[in-house]
Number of protein chains: 4
Amino acid sequence: MDSETSCNKLSNPIKGAKIVPNMSVDELVREYSGCAFGAGRLAEAVDIYSEMLASKNTTKFFGLAGAMTPAGMRNIVADLIRDGHIDVLVTTGANMVHDTVEALGLHHYKGSDDVNDIQLRKECIDRIYDVYLPDGHFTELEEFLQGVYGGLPQEKLSIRQVLTEIGKNLDDDSSILKTAAEMGVPVYCPALQDSVIGLQAWLYKEGNPFNVDAFADMHEFMDICYEAESAGALLIGGGVPKNYILQSMLVTPKSFDYAIQLTMDRPETGGLSGATLDEAQSWGKVGEEARSMTVYADATITLPLMVAAVRTRLFEKST
Amino acid sequence: MDSETSCNKLSNPIKGAKIVPNMSVDELVREYSGCAFGAGRLAEAVDIYSEMLASKNTTKFFGLAGAMTPAGMRNIVADLIRDGHIDVLVTTGANMVHDTVEALGLHHYKGSDDVNDIQLRKECIDRIYDVYLPDGHFTELEEFLQGVYGGLPQEKLSIRQVLTEIGKNLDDDSSILKTAAEMGVPVYCPALQDSVIGLQAWLYKEGNPFNVDAFADMHEFMDICYEAESAGALLIGGGVPKNYILQSMLVTPKSFDYAIQLTMDRPETGGLSGATLDEAQSWGKVGEEARSMTVYADATITLPLMVAAVRTRLFEKST
Amino acid sequence: MDSETSCNKLSNPIKGAKIVPNMSVDELVREYSGCAFGAGRLAEAVDIYSEMLASKNTTKFFGLAGAMTPAGMRNIVADLIRDGHIDVLVTTGANMVHDTVEALGLHHYKGSDDVNDIQLRKECIDRIYDVYLPDGHFTELEEFLQGVYGGLPQEKLSIRQVLTEIGKNLDDDSSILKTAAEMGVPVYCPALQDSVIGLQAWLYKEGNPFNVDAFADMHEFMDICYEAESAGALLIGGGVPKNYILQSMLVTPKSFDYAIQLTMDRPETGGLSGATLDEAQSWGKVGEEARSMTVYADATITLPLMVAAVRTRLFEKST
Amino acid sequence: MDSETSCNKLSNPIKGAKIVPNMSVDELVREYSGCAFGAGRLAEAVDIYSEMLASKNTTKFFGLAGAMTPAGMRNIVADLIRDGHIDVLVTTGANMVHDTVEALGLHHYKGSDDVNDIQLRKECIDRIYDVYLPDGHFTELEEFLQGVYGGLPQEKLSIRQVLTEIGKNLDDDSSILKTAAEMGVPVYCPALQDSVIGLQAWLYKEGNPFNVDAFADMHEFMDICYEAESAGALLIGGGVPKNYILQSMLVTPKSFDYAIQLTMDRPETGGLSGATLDEAQSWGKVGEEARSMTVYADATITLPLMVAAVRTRLFEKST
């Protein structure tokens, strides 16, 4: 037994979490930090995210997969953009579709996952787990999108440019696309076809010129990656957003210095969505000295919690 | 389309979570309550747990599976017992072993799940995911347990009685067993053999009379169930604790009025650990009118969070 | 770059699975063996299990958690016992309850997990995921168990003895308990109270002497562990069966030489159910040189598949 | 109790699986069919897939997410295409990258998920769970892709056309892209930018004209959907392939008549990857009368198994 090594391993005793009334979210996270398993991992993720957001020379990437905007997570992302905590957003079509629906004043509703879907179909209600969306909302979305598309220049555009134009036509401070357009934060969505925004683009394109280049975004995206002095990524879920952010480091001489993922995906299915951040180190996507952490828990719980704690720490620092 | 039904389904719009510095845990939970998916479920679980704890005529069951005590969750459980929020605890041997280890002043340590376990073996360190435990601690635990066993009466005992005796011999306010013994809260552990406490019992029994009746607890446990005017259960993980608590309702004319589970287990493997609380309704374990909720997320994150919010609400009510 | 090490790591190319009509299960597994992820892991598990079953001096432990018997897995286990492939079975009360129900000629039925459980309750049907069980079956089970209990000797018994007696009273070659009793294979169930068998024991004990010692099994179980020249374990799910089998090695100077687990549980919740077999090496439960493998997939799929392949290999060897 | 309804629910007894040496995969699946949980679901999926493949007027969609080609699943997909069992393939860039790597005679290797990734990085080995890939392979892939891109016509292309051109330049019967090109089966990959094929397109585009229209595929894809008399989908994992296939039914007057998904994703995270096929019914993506089934298990195990059984049944039918 190598007692020295062993001693190192036994230097940090678990401290049981103490819970009292009226404690703040940051106080709760500080209690988590003495604990292990998910609680300990989340506390470490908060530390990393705080350091990453406070780091002035770090370019902040944000990967937003899943269907977080219909579940009520759009204000958080919009506010992070507004406050300069997101420099580059990569997301899915679904997230942008539902952000736009809400920005048009159309609501999603709390429903149930234990419901007769054929009955819902008859009532013209679309379900996203326990969220209901009246199918009629899409008619209004379609009109809006056709209007935006009609106003686009006929020259060749990138997907990012299309999303910026949508954002410019929205008037809702809680909107991710509106806030991103306002703040000049680029929003990338490599699979935009794979959404109602894409279906509407197809319909528009059937009768009108509509030139969107699939690879046009990559030049400016890669420039951002090259120019980053330091790079950090917060990844909500996996999918295209995670892979697109991480793969950029395959063709730059850099790697991520900070990386956090909030996910329920598992590594052993082998897909990139569930891959560990250690695996990303073998590819050079995440750096050898990077601070990284994966929190295996529902991101609708952990993202607000993490942001609440980090905002408190940044606020304390700034005052 | 049945517009009336449909209208009912569309009465509760999703409200995006708004996160600000210094917000309290309960304020965070109130933001969750406008959201869907895990966030919405957790907010609902907090509402149910608040109502359940405030209900004077409800007997409160607590199921504690997994390995929550080495991860830092014992203070929370001990404090819930102390404050009268747990009337009956059902748990695993592992949770009681590690509660006792800590109560003897021996620590668990924060480690890593990404480690060479054969090297750990050489360093005499036992690993529980990312928790390290020096193997030597078990020597002290064994001495303590042999002492307790030596002081037990030779008549026939129940498992609950053995655990009460262990609790009486501990001097640590953070200990679940000590607090339960002090407060007269029974701790049931149907598979006590399946733990180091059980292994030590076997060793003791090799040379001494040791009479523990496997079924002796059931009379008093069933009396509690029968006498409960109303019944509520908070289930952390599945396993024996969940099943033992729920099965009691198979032989009483009642069912649980409140049921909450915090788990990562999935229903489709068919085991009781991941079974939905709806499934429990088919058996009559959970009542037709019960308030119930499952939160699919790491319990080391959700249990402290839920308790922090509920404590705030109960505190406000009491002042 | 250490080219030598690297070469070692790159010695075994992935071979794409080739699927043809009429292939045997073992041929399928041989195709898996060229693949990675779950397929590769399952092929390796089959290799290990074949070697383990063919090893004459290896004591074979079988851990059966979850609710595998109502799902149709009892014949497989009974046949493994009959053929000498299981020396020691550790299981849950639920598995033995539903084995007994079937052995009494009472059926479980294929149902649906997407059903109104309150309606099921009204129809007196109990649900286990997508299995239905008429509640009335329990009346017959109860009569049977009361009869068995009435015939038990009044002296102190172990849980294993109670289960052997139940098995002796059954007449169904597909029954695990009947086959185990016939073959002299011990069945351990540390948490027997946690089942309908336990609830009936409580009812019987209310009016009759019924002496079952909670720790009586441990002497004979530990003797088996001590006497094992070599030890192997196949673990279906986690729970008490997994822990009880593995913990035996904490108090013997040995460790498991073969260990396979088929599970959907995840390591990061920290409970023993999802713990890796590497973690078990830190405790000395699984040996440094052991062959071990975890397959993360539904055990109702992987257990029959693995047994079909292993039976083919053993059959070929014997002919 | 409505005895009639109840009787209906209790008409199909569970039959325990009987496992014998040398049984064929289809025989194994027939044993599964008497079982519940994952085994029963898989047997039902085989029935549905057999019916779907035998249906002459059904257009067969295949969604391939994750990283199935490096794990050894490409031959299966290529053979399904060759035999007319896939009419439309929607997949990820990663699957096509690794298909192409293999088609160039470059191998992936069986490795370990329990490895030091920083050491792998030093050895220039990229890891995909337990698959190793020498980083140098990408140099050869890049040369190949630059050659293909150099030969592309300068007019506007669709992503499908780019993938067809890659396929035409490959000479490997196990290749998905080569076989699809040969058979005239379209391969769609909405997020092609999100892959090494995309990164190379960016590099090429920096110095050469390269016109790929992001939405050009949608016209022909929608035509296929419109013209389908009947439609069936086999979905391996979720992600863009699943959503892109299902969303087509939002703008056609049809819905899928057959739908099978093999996945480990969970519904409660709310993303489309884990969404149930029932949820898809509320949107009209899957029809009211459709035959559908989700199998929750590792697709590297279930896909080969399902294809082996279905091939046997189709073979029997044809002889």
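Anyway, here's the lowdown on the structure attached to this text. The model shown is predicted, which means the values in this text are computed figures rather than measured ones.

Here is what the cut-offs are and how they apply
- Residues numbered from 1 in each chain as written.
- Chains lettered and ligands numbered in written order.
- Predicted model: local features only at pLDDT ≥ 70, side-chain atom pairs only at ≥ 80, totals over all residues.
- Contact = placed C-beta atoms within 7 Å.
- Helix = DSSP H or I, 4+ residues; strand = E, 2+ residues; numbered from the N terminus.
- Nonpolar A, V, L, I, M, F, W, Y, C, P; charged D, E, K, R; others polar.
- Buried ≥ 20, exposed ≤ 12 C-beta atoms within 10 Å, placed from the backbone.
- Pairing = 2+ DSSP bridges.
- Least-squares fit on C-alpha atoms with pLDDT ≥ 70 in both.
- Axes fitted to C-alpha atoms, helices over the stretch in contact; angles between N-to-C directions.
- Parallel < 35°, antiparallel > 145°, perpendicular 65-115°, else oblique.
- Right-handed = clockwise from strand over helix to strand, strands pointing away.

### Points about the interface of chain D and chain C
Size of an interface, as often reported, equals the accessible area lost when the parts are brought together.
Here is step 1: Taken together, the contact pairs 69 residues of chain D with 69 residues of chain C.
Here is step 2: With ten residues, the top contributor of residues to the side of chain D that touches chain C is helix α14 (residues 299–318) of chain D.
Here is step 3: The residue makeup of the side of chain D that touches chain C, split by class, is 36 nonpolar, 18 polar and 15 charged.

### Quick notes on unusual backbone geometry
Here is step 1: In the Ramachandran plot, Tyr129(A) falls in the positive-phi region, its phi being about 50° despite a non-glycine side chain.
Here is step 2: Among the residues examined, Tyr129(A) registers 24 C-beta atoms within 10 Å and is labelled buried.
Here is step 3: Positive phi outside glycine occurs at Phe37(B), with the angle close to 55°.
Here is step 4: With respect to the helices and strands, Phe37(B) occurs in helix α3 (residues 37–54).

### What to know about the interface of chain A and chain B
Here is step 1: Across the contact, 69 residues belong to chain A and 69 residues belong to chain B.
Here is step 2: Looking at the side of chain A that touches chain B, the elements with two or more residues in it are α1 (3–9), α2 (25–32), α3 (37–54), α4 (74–82), β3 (109–110), β5 (131–134) and α14 (299–318) of chain A.
Here is step 3: Ranked by residues supplied to the side of chain A that touches chain B, first place goes to α14(A) with ten residues.
Here is step 4: Across the side of chain A that touches chain B, the residue classes break down as 36 nonpolar, 18 polar and 15 charged.

### Observations regarding the environment of Ala45(A)
All names here are of chain A.
Here is step 1: By secondary structure assignment, the location of Ala45 is in helix α3.
Here is step 2: Between the C-alpha atom of Ala45 and that of Met293, which follows or precedes it by 248 residues, the distance is 5.8 Å.
Here is step 3: For Ala45, the residues in contact, after removing those within four places along its chain, are Ile260, Met293, Val295 and Met306.

### A short note on the sheet that holds strand β3 (residues 109–110) of chain D
Residues and elements named next belong to chain D.
Here is step 1: Read across the sheet, three strands follow the order β3-β5-β4 without closing on themselves; strand pairing throughout is antiparallel. On the outer flanks of this sheet lie β3 and β4 (125–128), each paired with one strand and no other.
Here is step 2: Sheet topology places β4 next to strand β5 (residues 131–134); four bridges connect them, and they run antiparallel. Within β5, the residue paired with Arg127 across the bridge is Tyr132.

### Notes on the relation of the copies chain A and chain B
Here is step 1: Of the transformation superimposing chain A on chain B, the axial component is 0.0 Å and the angular component is 180°, with the fit at an RMSD of 0.0 Å. Viewed as a symmetry operation, the transformation between the two copies matches a two-fold axis. Within chain A, Ser24(A) has its C-alpha nearest the rotation axis, a separation of 1.9 Å.
Here is step 2: Taken as a fraction of all interface residues of chain A, those also at the interface in chain B reach 100%, which identifies the copy contact as same-surface.

### Topic: the sheet that holds strand β5 (residues 131–134) of chain B
All names here are of chain B.
Here is step 1: Taking strand neighbours across the sheet as the criterion, the three strands line up as β3-β5-β4 in an open arrangement whose pairing is antiparallel. Edge strands, defined here as strands with exactly one partner in the open sheet, are β3 (109–110) and β4 (125–128).
Here is step 2: Relative to β5, β3 runs antiparallel, the two being bridged by two bridges. When the sheet's bridge partners are listed, Lys110 is paired in β5 with Val131.

### Quick word on the packing of α3(A) against helix α14 (residues 299–318) of chain B
Helix packing geometry: the angle between the two helix axes and the distance between the axes.
Here is step 1: Contact geometry of α3(A) with α14(B) gives a least axis separation of 6 Å together with a crossing angle of 85°. When the interaxial angle is binned, α3(A) and α14(B) end up roughly perpendicular. Mapping the contact onto sequence places Phe37(A), Gly38(A), Ala39(A) and Leu42(A) in α3(A) and Thr300(B), Ile301(B) and Pro304(B) in α14(B).
Here is step 2: Of the residues in the contact of α3(A) with α14(B), the class split is five nonpolar, two polar and no charged.

### Brief notes about the environment of Leu106(C)
All names here are of chain C.
Here is step 1: Topologically, Leu106 is positioned in the loop between α5 (93–103) and β3 (109–110).
Here is step 2: What makes Leu106 partly exposed here is the crowd of 19 C-beta atoms within 10 Å.
Here is step 3: Here the alpha-carbon distance between Leu106 and Leu177, two residues 71 residues apart in the chain, equals 16 Å.
Here is step 4: Among residues more than four places away in sequence, those in contact with Leu106 are Val101, His137 and Glu140.

### Topic: the pairing of strand β10 (residues 256–263) of chain B
All names here are of chain B.
Here is step 1: Burial analysis of β10 places eight of its eight residues in the buried class, the great majority of the element.
Here is step 2: Here five bridges tie strand β9 (residues 230–236) to β10, and the two strands are oriented parallel to one another. Within β10, the residue paired with Leu235 across the bridge is Gln261.
Here is step 3: The parallel pair β9 and β10 is bridged by helix α12 (residues 239–247), and the resulting crossover is right-handed.
Here is step 4: The pairing of β10 with strand β11 (residues 286–296) spans seven bridges and is classified as parallel. Counterpart to Tyr258 in the pairing with β11 is Arg291.
Here is step 5: Traced from β10 through helix α13 (residues 277–282) to β11, the parallel crossover comes out right-handed.

### Overview of the packing of helix α2 (residues 25–32) of chain D against α14(D)
Residue and element names in this part refer to chain D.
Here is step 1: At a minimum axis separation of 8 Å, α2 and α14 run at an interaxial angle of 105°. It follows that α2 is roughly perpendicular to α14 by the angle criterion. Across the interface between the two elements, Val25, Asp26 and Val29 from α2 touch Leu305, Ala308, Ala309, Thr312 and Arg313 from α14.

### Here we look at α2(D)
Here is step 1: Most of α2(D) is tucked away: six of the eight residues are buried.
Here is step 2: When we look at burial in α2(D), the residues that qualify are Val25(D), Asp26(D), Leu28(D), Val29(D), Glu31(D) and Tyr32(D).
Here is step 3: Each element contacted by the buried residues of α2(D) is listed here: α2 (25–32) and α14 (299–318) of chain C together with α3 (37–54) and α14 of chain D.

### What about the relation of the copies chain D and chain C?
Here is step 1: You can overlay chain D on chain C at an RMSD of 0.0 Å; the transform is a turn of 180° with a shift of 0.0 Å along its axis.
Here is step 2: In this assembly the copies share their binding face: 100% of the residues contributing to the interface of chain D also contribute to that of chain C.

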